[in-house]
Amino acid sequence: MITRKRLATGACALLAALSVALLPTSATADEPVAKESPKVELVLDVSGSMRAKDIDGKSRMAAAKQAFNEVLDAVPEEVQLGIRTLGADYPGQDRKRGCKDTRQLYPVGPLDRTEAKTAVATLAPTGWTPIGPALLGAAEDLEGGEATRRIVLITDGEDTCAPLDPCQVAREITAKGIHLVIDTLGLVPDAKTRQQLTCIAEATGGTYTSVHRTEDLSRRVRQLVDRAADPVVTPVATEGAVRCADAPQLKPGLYTDREAFGQHRWYRVDLLPGQELRASVSVSADRAVNDDYGVLLRAVTRHGREIVRGSEAGDGRTDVISTGLRYPKPELDDEPGDAKPAAETVCLQISNSFSAPPSVKTTPGMPIELTVDVVDGPSAASDVASFGLGRGWWLLGALVLVGFVAGLLWGWLSRWRVAVWRTN
């Protein structure tokens, strides 16, 4: 009897051991493959022109260092970040040596914030502006793997090492099919710098931004680093129409188009009851424009009634201007049986008030980026077409009621005081 019990116990123990040994293998086989960490390399211009003191009353180099410190503090943990410089080491006049002056200041990998800040603090404006060689070096720094890769180029001038054209370098990087995006930021740029940096960005599907303040530089670099950590949908090229009836039907996503000066572009989105439309648009001034401009985004019914609008104005201190809107469509009170509710066609209109000096070409139009999202609406969505007040009508009604009651009380008190005064 005891022998049988021992045999049974031993058999159970053996089965348990085999189960424990087999379970991890099965679980490991079912686990998804770990996603590679995104890689970002910041490429900073440290050429002699960075000494100019025209950003918030301090030098461009000082503004870049301050922005870098703020960015390094905010880099997401999952991002592998590196820093490369151009024009940081050779102060002489030898063109051949000056055009090789680019090096990796901090290797791409897990970020040691203190070490990276210390490396940036040692930089001083020095030499040439070899943008092309720096981009080639940065592309090599980011090679390998299938991770999201992004280069953020910060410079205050155009390349000084032609004939190695940085725009052509960007096209060659794109042709390799390594899905590397280059975003460019121009510090107080002139027309030639703006044109070159726009070309580099567009060649790789990146963005160009003009910067005139330290705060703008820090905010934009942080946005781009965060975008690498949480990549957005690849933009889809579309073409808006001159009226809603002919407009393209858009689904949730990111779209690009071009809009001429003072032009209206129309797009359509279908919205079901209980859903909320969220849309935003950015217009980039990729050429010299006059001061004082604006962008307008309107949501309109097919019959021309305005639902809601968003607008923003600028004064020439930035080359990108954005605005957005939200429209929650209420649920239907009585839905007949199993009938599927009909979708409402919402017309989106994008308008701008840009103008340009006579010497500037107005064609092609300026690049625009339109984001469309449709989400579940709030539990009690109301028609925000009510003069833009939406649920604010309740607050307005309450204020009117309170004012009415307060007026009655004040009148009664006044009459009572007069009556007391007469009696005495």
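Quick caveat, the model's predicted, so the values are computed rather than measured. Within each chain, residue numbers correspond to sequence positions counted from 1 in written order. Thresholds applied to this predicted model are a pLDDT of at least 70 for local features of residues and 80 or more for the giving and counting of side-chain atom pairs; totals over whole chains, interfaces and linings are not thresholded and use all residues. Think of the side-chain values as coming from all heavy atoms in the structure, minus any hydrogens and water.

**Let's talk about the overall build of the protein**
So the rule is basically this: For helices the rule is a DSSP run of H or I covering at least 4 residues; for strands it is a run of E covering at least 2, with both sets numbered from the N terminus onward. Working definition: with a 1.4 Å probe on protein chains only, accessible area under 20% of the residue-type maximum means buried, over 50% means exposed, and in between means partly exposed. Residues are treated as being in contact if the distance between any of their heavy atoms lies within 4.5 Å. Only the protein chains shown count as cover for residues, with accessible areas throughout obtained via the Shrake-Rupley method and a probe of 1.4 Å.
Regarding its fold elements, the protein presents nine helices and 15 strands. Buried residues in the protein amount to 42% of all 424 residues. Within the protein, counting contacts between residues at least 6 apart in sequence, those at least 24 apart form 75% of the total. Counting every atom, the protein has about 23200 Å² of accessible surface; 56% of that belongs to carbon and sulfur.

**Some remarks on the environment of Val346**
With respect to the secondary-structure elements, Val346 resides in strand E14 (residues 344-352). The sequence separation of Val346 and Val300 amounts to 46 residues, and the corresponding C-alpha distance is 5.9 Å.

**Regarding the pattern of salt bridges**
Which entries qualify depends on this criterion: A side-chain nitrogen of Lys or Arg and a carboxyl oxygen of Asp or Glu constitute a salt bridge if their distance falls within 4 Å.
Scanning the entire structure with this criterion turns up 19 salt bridges. For Arg243, the salt bridge is made with Asp246, and the minimal N-O distance between the two is 2.6 Å. By relative accessible area, Asp246 is classed as partly exposed at 45%. Each of Arg213, Glu215, Asp216 and Arg219 takes part in a single network of salt bridges with overlapping partners.

**Some remarks on the packing of helix H2 (residues 60-74) against helix H4 (residues 113-121)**
Put simply, the rule reads: Note on definitions: angles span 0 to 180 degrees between N-to-C directions of axes, and those axes are lines fitted to C-alpha atoms, for helices only across the stretch in contact. In this scheme, roughly parallel covers angles under 35 degrees and roughly antiparallel covers those over 145, while 65 to 115 is roughly perpendicular and the rest are oblique.
Interaxial distance between H2 and H4 falls to 10 Å at its minimum, and their mutual angle equals 170°. One way to sum up the angle between H2 and H4 is to call them roughly antiparallel. Facing H2, whose interface residues are Lys65, Phe68, Asn69, Leu72, Asp73 and Ala74, H4 presents Arg113, Ala116, Lys117, Val120 and Ala121.

**Some points on the sheet that holds strand E15 (residues 366-376)**
Rules: Pairing between strands is defined by DSSP: at least two bridges between them are needed.
Ordered in space as E7-E8-E15-E10-E13, the five strands form an open sheet in which the pairing is mixed. At either margin of the open sheet sits one strand with a lone partner, and together these are strand E7 (236-237) and strand E13 (320-328). Note: strand E8 (residues 253-259) against E15, seven bridges, orientation antiparallel. In the sheet register, Glu259 faces E15, and the bridge partner there is Met366.

**A look at the confidence of the model for the protein**
Cut-off, in case you're wondering: The pLDDT value expresses, per residue, how confident the predictor is, ranging between 0 and 100.
This prediction gives the protein a mean pLDDT of 83; 84% of its residues lie at or above 70. Contacts of residues 381-391 to residues separated by more than four positions or lying in other chains number 28 contacts, the stretch itself having pLDDT below 50.

**Quick notes on the state of the cysteines**
In plain terms, the rule: Cysteine sulfur pairs qualify as disulfides if the two atoms are within 2.5 Å.
A full pass over the atoms with the stated rule returns three disulfides. With its sulfur 2.1 Å from that of its partner, Cys99 forms a disulfide with Cys161. Disulfide Cys99-Cys161: the torsion about the S-S bond is -95°, which places it as left-handed. Of this pair, Cys99 sits in the loop between helix H3 (95-98) and strand E3 (102-109) while Cys161 sits in the loop between strand E4 (149-155) and helix H6 (166-175); the two residues are 62 residues apart in sequence, bridging distant segments of the chain. Given the relative accessible area of 15%, Cys99 is considered buried.

**Details of the pairing of strand E10 (residues 275-284)**
As judged from the nine bridges shared by E10 and E15, these two strands associate in the antiparallel manner. Along E15, the bridge assignment pairs Val281 with Leu370. Here E10 runs beside E13; their pairing, made up of nine bridges, is antiparallel. Paired with Arg278 across the strands is Arg326, a residue of E13.

**A word on H6**
The condition is simple: Directions drawn from the helix axis to the C-beta atoms are what define this arc. Residues adjacent in sequence count toward polar contacts only when both atoms are side-chain atoms; beyond that, a polar contact is any pair of N or O atoms within 3.5 Å, and within protein one must be able to donate a hydrogen and the other to accept it.
Regarding H6, the residues found buried are Pro166, Cys167, Val169, Ala170 and Ile173. The buried residues of H6 occupy an angular sector of 160° when the element is viewed end-on, so they sit on one face. Those residues of H6 hidden inside the fold are in contact with helix H5 (131-141), strand E5 (180-187) and helix H7 (191-204). Where H6 begins, one side-chain oxygen reaches toward the backbone nitrogen of Cys167, 3.1 Å away; that side chain belongs to Asp165. Downstream of H6 by one or two residues, Gly177 has phi in the positive range, about 70°.

**What to know about the nonpolar core**
Heads up, the condition is: Here, nonpolar core refers to any group of buried Ala, Val, Leu, Ile, Met, Phe, Trp, Tyr and Cys residues whose side-chain atoms link them within 4.5 Å.
Grouped together as the largest cluster of nonpolar side chains are 34 residues, with contacts concentrated most on Leu44, Leu81, Leu217 and Val225. Within the residue set of this core, elements represented by two or more residues are strand E1 (39-45), H2, strand E2 (80-86), E3, H4, E4, E5 and helix H8 (214-229). Of the residues forming this core, the biggest block, seven residues, is contributed by H2. In terms of nonpolar packing, the next biggest core, distinct from the first, is built from 29 residues, Phe261, Val289, Ile321 and Ile350 among them.

**Brief notes about the sheet that holds strand E11 (residues 293-300)**
Taken together, four strands build an open sheet; the order of strands is E9-E14-E11-E12 and the sheet is antiparallel. The open sheet has two edge strands, strand E9 (264-271) and strand E12 (306-314), and neither has a second partner. The sheet shows a mean angle of 15° between the axes of neighbouring strands, taken without regard to direction. Of the pairings in the sheet, the one linking E9 to E14 comprises eight bridges and is antiparallel in character. Its bridge partner being in E14, Arg268 is matched across the sheet by Cys347.

**Topic: the packing of aromatic side chains**
Rules: Two rings from Phe, Tyr or Trp (for Trp, the six-membered ring) form a pair when their centres sit within 6.5 Å of each other. Planes less than 30 degrees apart are called stacked, planes more than 60 degrees apart edge-to-face, and all others tilted.
Taken as a whole and assessed by the stated rule, the structure comprises one aromatic pair. Ring centres of Tyr293 and Phe354 lie 4.4 Å apart, and the angle between their planes is 15°; this geometry places the pair in the stacked category. Of this pair, Tyr293 sits in strand E11 while Phe354 sits in the loop between E14 and E15, placing them 61 residues apart in sequence. The exposure class of Tyr293 is buried, given its relative accessible area of 5%.

**What about the packing of H6 against H7?**
For the pair H6 and H7, interaxial distance at closest approach is 8 Å and the crossing angle is 5°. Put simply, H6 runs roughly parallel to H7. On the side of H6, the interface is formed by Pro166, Cys167, Ala170, Arg171 and Thr174, while H7 contributes Gln196, Cys199, Ile200, Ala203 and Thr204.

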